[in-house]
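# Summary of the model geometry
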Amino acid sequence: MKKIIDMLKGNPKVSDWKIIESGTDSYEMFFVLDKLETVRKADTVRTDVEIYVDHDGKRGRSSISVSPAVTDEELETLVEGAIEKASLLGDPPYSIPENEKGEFVVESNLNGREKCDIAAEIANIVRDVKVSENCAVNALEIFVTDRETHIVNSRGIDKTQRRSSAMIEAIPTYNGEKESVELYEAINVAELDADALRKEIRVRLEDVMARDFAKKPETKLDCPVILNAGEIVSLFGTIVGKMDMAGEYMHSTPYEIGDKLQSDPKGDKLDITLTGVIKGSPNSSYFDADGSSLVPVKVVENGVIKAFSGSSRFAQYLGKKPTGALPCIKVEPGTTKISEMTAKPYLECVYLSGIQVEVENDYIGGEIRLAYYFDGEKKLPVTGIFMSGKLSDILNTVVLSEETVVYERYCGPRKLLVSGMDII
């Protein structure tokens, strides 16, 4: 990094610069049919350089990636190429963040532990869960990773952040009478909760068994739909992704501050906050790629859009205070217990091909590969159906569970119930 900084400081064509050095140290275990096949340790370092060139009343920028093995001559060629490219580009002028220093560690119960011990603990938890002789995790991959990010720029930013996380990729498999059925599951955590992981694996093994018996309903279903955390974060992540100062500046967002996200709420009113850190989230961060400190902002309150989030550049263009690019979503829970949600007929989506949320087209839908239909008396696994609805109408029916969960970049209700979906 010092070599790059010296070269950039000594080049009069460079108006400003930013360097992000990212390093990972991981321990990886690979199992096939309950047998440990491979153990691997991996260390990576990546250095990204952004160069700014002011010209003709505008600011151009260009990025390069620098290998640790780069020679002085190769580095000079990369820098000159980036300068030339930045000189051909031009945005309205803006300043980059300045005069902030700090070292941050994202809180985690993984911090300070040997990665091999964490991986072994995870492996033992997963392999010990049994639901049937014909059902098991067919393939298992475990990645325990420490990450360090160091960002410096020409205006006095010098920040370092360290965080630890674990990723589990599993293929739950059920060997039925006629065929084998598989599902794919990826779990990303920054806190290891043995009981929660054990429960999650058990549920996924039960799901893959249910997938073998799932059938397309003989009649059209007409009932509320329950979504789980994976779909909830996709739903709200897509919506709040439109509440961004970049979109506001470029007139590419369908939302304006003051818009009613819920025009006539008949269930729970939504309160959504974007933030940098959620305990247990592997996406947590104290600063963004510009080095800006992250400032939480409530973007939706009582179903009404109250604010947008935004990076330093677009905040300057709009004359607003920057929040930074906030990675995490917090949704306030409701007052309905899951037991109340599931007391009447419902369709609970377990595996979708990917929930589709199109804000501009006012649409929500998805192909359902596995769901549970409760008819009021018994719960049946179903497949081969599709759901769709008008997003603005569906949001008016939202009922949020009292119980909460942390799932990747999301913290909020464990389940969400909506009405009015067309299920075919």
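In the block above lies the structure referred to throughout.
Residues numbered from 1 in each chain as written. Predicted model: local features only at pLDDT ≥ 70, side-chain atom pairs only at ≥ 80, totals over all residues. Heavy atoms only, no water.

The number of helices and strands found in the chain is nine helices and 23 strands. Along the first, second and third principal axes, the C-alpha atoms of the chain reach 75 × 55 × 35 Å. With 424 residues in all, the chain has 47% of them scored as buried. For the chain, long-range pairs separated by at least 24 residues make up 71% of all intrachain contacts whose partners lie at least 6 apart in sequence. Of the roughly 20700 Å² of accessible surface on the chain, a fraction of 48% belongs to carbon and sulfur atoms. When the 52 positive and 71 negative side-chain charges of the chain are each reduced to one mean point, those points stand 2 Å apart. (Helix = DSSP H or I, 4+ residues; strand = E, 2+ residues; numbered from the N terminus. Buried < 20%, exposed > 50% of the residue type's maximum accessible area, 1.4 Å probe, protein only. Contact = heavy atoms within 4.5 Å. Areas by Shrake-Rupley, 256 points an atom, 1.4 Å probe, with all protein chains shown as cover. Lys, Arg positive; Asp, Glu negative; His and termini not counted. Charge placed at Lys NZ, Arg CZ, Asp CG, Glu CD.)

We now examine empty space enclosed by the protein. Applying the stated criterion to the full structure yields one cavity of 30 Å³ or more. Of the volumes computed, that of the largest cavity is approximately 30 Å³. Every residue along the wall of the largest cavity is listed here: Val-106, Ser-108, Arg-163, Ser-164, Ala-190, Ser-281, Pro-282 and Ser-284. A per-class count over the lining of the largest cavity returns three nonpolar, four polar and one charged. (1 Å grid on protein atoms, 1.4 Å probe; cavity = no way out; pocket = protein on both sides within 12 Å on 5 of 7 lines; lining within 4 Å. Points joined across faces, edges and corners; volume = space filled by probe spheres on them. Nonpolar A, V, L, I, M, F, W, Y, C, P; charged D, E, K, R; others polar.)

Our next topic: the nonpolar core. Core analysis: the biggest nonpolar cluster contains 59 residues, and Met-243, Leu-347 and Met-387 have the highest contact counts within it. Per-element tally for this core: the top contributor is helix α5 (residues 229-240), with seven residues. If we skip the residues at most four places from it in the chain, Leu-347 touches Leu-221, Cys-223, Pro-224, Val-225, Ile-226, Ile-368, Ala-371, Tyr-372, Tyr-373, Val-382, Ile-385 and Ile-423. By size, the runner-up hydrophobic cluster in this structure holds 35 residues, among which are Met-29, Ala-119, Ile-125 and Leu-370. (Core = buried A, V, L, I, M, F, W, Y, C linked by side-chain atoms within 4.5 Å.)

Here we come to the pattern of salt bridges. Counted under the stated rule, the structure contains 32 salt bridges. For Glu-50, the salt bridge goes to Arg-61, with nearest N and O atoms at 3.7 Å. Of the two residues, Glu-50 sits in strand β2 (residues 35-55) while Arg-61 sits in strand β3 (residues 58-66), which places them eleven residues apart along the sequence. Classification of Arg-61 as partly exposed rests on a relative accessible area of 33%. In this structure, the salt-bridge partner of Glu-185 is Arg-204, at a minimum N-O distance of 3.5 Å. Placement of the pair is Glu-185 in strand β8 (residues 185-189) and Arg-204 in helix α4 (residues 194-213), with a sequence separation of 19 residues. Like Glu-185, the residue Arg-204 is buried in the burial classification. A cluster of three or more residues bridged by salt bridges with shared partners is formed by Asp-16, Asp-54, Arg-59 and Arg-155. (Salt bridge = Lys/Arg side-chain N within 4 Å of Asp/Glu carboxyl O.)

This part takes up unusual backbone geometry. The backbone of Asn-302 shows a phi angle near 50°, a positive value even though the residue is not glycine. Secondary-structure assignment places Asn-302 in the loop between β11 (297-301) and β12 (304-305). The phi angle at Asp-362 is positive, at roughly 55°, despite the residue not being glycine. The exposure class of Asp-362 is partly exposed, given its relative accessible area of 23%.

Here the focus is α4. For the α-helix, the turn length of 3.6 residues means that residues three or four positions removed from each other point alike. With 20 residues, α4 extends 29 Å between its outermost C-alpha atoms, agreeing within 8% with the 28 Å of an ideal straight helix rising 1.5 Å per residue. Leu-197, Ile-201, Arg-204, Leu-205, Asp-207, Val-208 and Ala-210 are the residues of α4 that are buried. Its side-chain oxygen placed 3.2 Å from the backbone nitrogen of Asp-195, Asp-193 serves as the N-cap of α4. (Expected span 1.5 Å × (residues − 1). Polar contact = N/O pair within 3.5 Å; in protein donor to acceptor, adjacent residues only side chain to side chain.)

In terms of residue burial, strand β14 (residues 346-352) counts as a mostly covered element, since seven of its seven residues are buried. Taken together, the two bridges between strand β9 (residues 225-228) and β14 define a ladder with parallel strand orientation. The residue bridging Val-225 from the neighbouring strand is Leu-347, located in β14. Bridging between β14 and strand β16 (residues 363-374) involves six bridges; their strand directions are antiparallel. If you follow Tyr-351 over to β16, its bridge partner there is Leu-370. (Pairing = 2+ DSSP bridges.)

Next up on the list: the pairing of strand β6 (residues 157-175). Strand direction decides the pairing type here: strand β4 (residues 100-105) and β6, joined by six bridges, are parallel. By the bridge assignment for β6, Lys-101 is matched with Asp-158. In terms of strand pairing, strand β5 (residues 135-153) meets β6 through 17 bridges, oriented antiparallel. Bridged to Val-152 within β6 is Asp-158.

Strands sit in the order β12-β11-β10-β13-β21-β20 across an open sheet of six strands; the sheet is mixed. The two strands at the open ends of the sheet, each matched to only one other strand, are β12 and β20 (404-407). Pairing analysis gives two bridges linking β11 to β12, with the strands arranged antiparallel. Each bridged residue has a counterpart across the sheet, and for Glu-301 the counterpart in β12 is Val-304. Each of β10 (272-275), β11, β13 (328-331), β20 and β21 (410-413) touches α5; the most contacted strand, β13, lies at about 105° to it. (Axes fitted to C-alpha atoms, helices over the stretch in contact; angles between N-to-C directions.)

A relative accessible area of 16% places Arg-204 in the buried class. In contact with Arg-204, not counting residues within four places along its chain, are Pro-172, Glu-185, Val-350 and Tyr-351.

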